[in-house]
Amino acid sequence: DKEIEEMVDNAIKKGRSSHVREVGLIKKYFEIFITPVKDNQQKIVGCAIIIHDITHIKEIDAMKTEFVSVASHQLRTPLTAIKLFTEMMLKGDVGKLKKEQEEYLTNIYQSTERMVRLVNDLLSLSRLESGRLRIDPKPTDLNIFIESIINEVKPVAKVKGVKINFFPGEKMPKIKIDPVLIRQVVHNLVTNSVRYSSDNKGIVEINTRRGNKEYMITIKDNGIGIPDKLKPRIFEKFYRADNAVKTNTEGTGLGLYVARLIVENSGGKIWFESKEGEGTTFFVTLPVAGMEKKEGDKTLAVS
Ligand code: ADP
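Just so it is clear, the model here is predicted, and its values are computed rather than measured. All residue numbers refer to positions counted from 1 along the written sequence of the respective chain. Given that the model is predicted, a residue must reach a pLDDT of at least 70 before its local features are reported, and side-chain atom pairs must reach 80 or more before they are shown or counted; all residues, however, enter totals for whole chains, interfaces and linings. Heavy atoms throughout the structure, all of them, feed into the side-chain values; hydrogens and water do not.

Participant: How should I be thinking about helix H1 (residues 2-14) in this particular structure?
Facilitator: Given 3.6 residues to a turn, an α-helix orients residues that are three or four positions apart in the same direction. A run of H or I in DSSP becomes a helix once it reaches four residues, and a run of E becomes a strand once it reaches two; helices and strands are each numbered from the N terminus. Here the expected length of a helix is defined as 1.5 Å per residue gap, with one fewer gap than residues. Spanning 13 residues, H1 covers 17 Å between terminal C-alpha atoms, matching the ideal 18 Å at 1.5 Å per step. Considered for burial, the residues of H1 that qualify are Ile4, Met7, Asn10 and Ala11. With its buried residues spanning 115° around the axis, H1 presents them on a single face. Exposed residues lying more than 90 degrees from the buried face of H1 are Lys2, Glu5, Glu6, Lys13 and Lys14. We call two residues in contact when some of their heavy atoms are within 4.5 Å. Each element contacted by the buried residues of H1 is listed here: strand S1 (18-25), strand S2 (28-38) and strand S3 (44-53). Gly15 occupies a position one or two residues after H1 and carries a positive phi of about 70°. Burial classes follow relative accessibility: with a 1.4 Å probe on protein chains only, a residue under 20% of its type's maximum area counts as buried, one over 50% as exposed, and anything between as partly exposed. The directions considered for the arc run from the helix axis to the C-beta atoms.

And the structure:
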C-alpha cells in the first residue's frame, strides 16, 4: 500500500509519526500507527508499526447500517398510509369535521410528515454509509438550480418573516452534479439558515462563485449562531446544539451529517464559520471537473 510506504518513509527520513484510521489490505481492515524509534542520541534507528485489526468492528458497523436500512424502509409503508388517510379526512372526504377534530388531525398530519422526514433521513444515511448509493451526474446550471431550491424554501421563510436574498455569481458553465444529492445538501443548509434565524428579523444571503478549481456556494444567516465549544460536534450524527434545541424542537440532527457525507462523496468540502448570537455562514465547494459517476443500486430517500 503506497500510503503506508510513504508513512514509513516519513517516520524514518523525517521523524514524523502518522496514523491511518482505516486501510483495507488482504480482505481485512486495519488501523495503523507508525512512529519513528530513536536511540539515546535522538538518532532515528527505525520505526514502530502498530497494526490493529478492525475487521470485526467494520462488520458490526455494516450490520448496524443494514438494520437501519431495513427498519426505516419497513416504516415507510405504514407512515404513507397514515398520511394518506389523514389527508383524506382533512379534505372532508368522509364528512365535515368539527373544529377540534380538524385541529387534532392537522397535528397528526404534521407529526407524520416529520416522522417521514426522519425515516427518509435514516434511510438516506444508511445508503450513503453502505456505499450503495449511485451517483448520476448531469450537466447543471448551478445558479438556476440553486434558485429553484430557494424558491422551494421561500414559503416557509415567509411564514417566519425571514428574507432570502440570492446573489448568483457571473454566469457559469454547466457543472456535472447529481441533482438529487446536491439538492439535499443545499436544501438542508438553506432550511437550517431559515430555521435558526429570529422570527421577522432573519436575513439569509446565498452566493455562488467560481474559483480556479472549484465552485463555491455560501449560505449566510444572522441567526442564533453556534456556541464555540459545540462547533467540533456539529457534523455528528443526531447532534443538535443546546441553543438550537431550545429555539426549535423539530430538528433531527441528521441533516448536516448527511450533507457532509454527500459533499465528501462528491470530491467537495463543507465547513462553517459562526458566532453565537450573531449568525452562521456555511461554505460548500464542488470541483469544477464535476462529480464522478458511480454505479449503485440505490438513490436518496426523499418524500
Ligand atoms: P437539525 O437542524 O435537524 O437539528 P442538522 O444536522 O441540520 O440538524 O444541524 C445540526 C445542528 O447544527 C443543529 O441542531 C444546530 O445546532 C446547528 N446548526 C446547523 N445550521 C445552523 C445555523 N444556520 N445556525 C445555527 N445553528 C445551526
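Moving on from the coordinates now.
Participant: Please clarify how the pairing of S2 should be interpreted in this entry.
Facilitator: Where a strand is regular, its side chains alternate between the two sheet faces. Strands are treated as partners if at least two bridges between them are detected by DSSP. Sheet analysis places S1 next to S2, joined by 6 bridges and oriented antiparallel. Residue pairing across strands places Gly24 opposite Tyr29, the latter belonging to S2. Linking S1 to S2, which pair antiparallel, is a turn of 2 residues; within it Ile26 sits at a positive phi near 35°. Alignment of S2 against S3, held across 9 bridges, turns out to be antiparallel. Each residue of the ladder has a partner; that of Pro36, found in S3, is Cys47.

Participant: Hey, could you run me through the side chain of Asn248 in this one?
Facilitator: Along the chain, Asn248 falls in the loop between helix H6 (242-247) and helix H7 (255-265). Judged by its relative accessible area of 15%, Asn248 is buried. Residues in contact with Asn248, not counting those within four places in the same chain, are Arg195, Tyr196 and Arg240.

Participant: Would you mind showing me how to read the site of the ligand here?
Facilitator: A single heavy atom is enough: if one lies within 4 Å of a molecule or strand, its residue is considered near that molecule or strand. Taken together, 22 residues are adjacent to the ligand, and Asn192, Tyr196, Arg240, Thr252 and Leu256 come closest. Within the side chain of Asn192, an N or O atom sits 2.8 Å from an oxygen atom of the ligand. Relative to its free-state accessible area of 530 Å², the ligand is covered by the protein chains to the extent of 99%. Where the shell around the ligand is concerned, the elements lending two or more residues are helix H5 (179-195), H7 and strand S10 (279-287). Ranked by residues supplied to the shell around the ligand, first place goes to H5 with 4 residues. Here the shell around the ligand is composed, by residue class, of 10 nonpolar, 9 polar and 3 charged. Pairs of N or O atoms within 3.5 Å make up the polar contacts considered here, provided that, within protein, one atom can donate a hydrogen while the other can accept it, and that residues adjacent in sequence are counted only when both atoms are side-chain atoms. To measure how exposed things are, a 1.4 Å probe is used in the Shrake-Rupley method; for residues, cover is taken only from the protein chains shown. When residues are sorted by character, Ala, Val, Leu, Ile, Met, Phe, Trp, Tyr, Cys and Pro go into the nonpolar class, Asp, Glu, Lys and Arg into the charged class, and all the rest, Gly among them, into the polar class.

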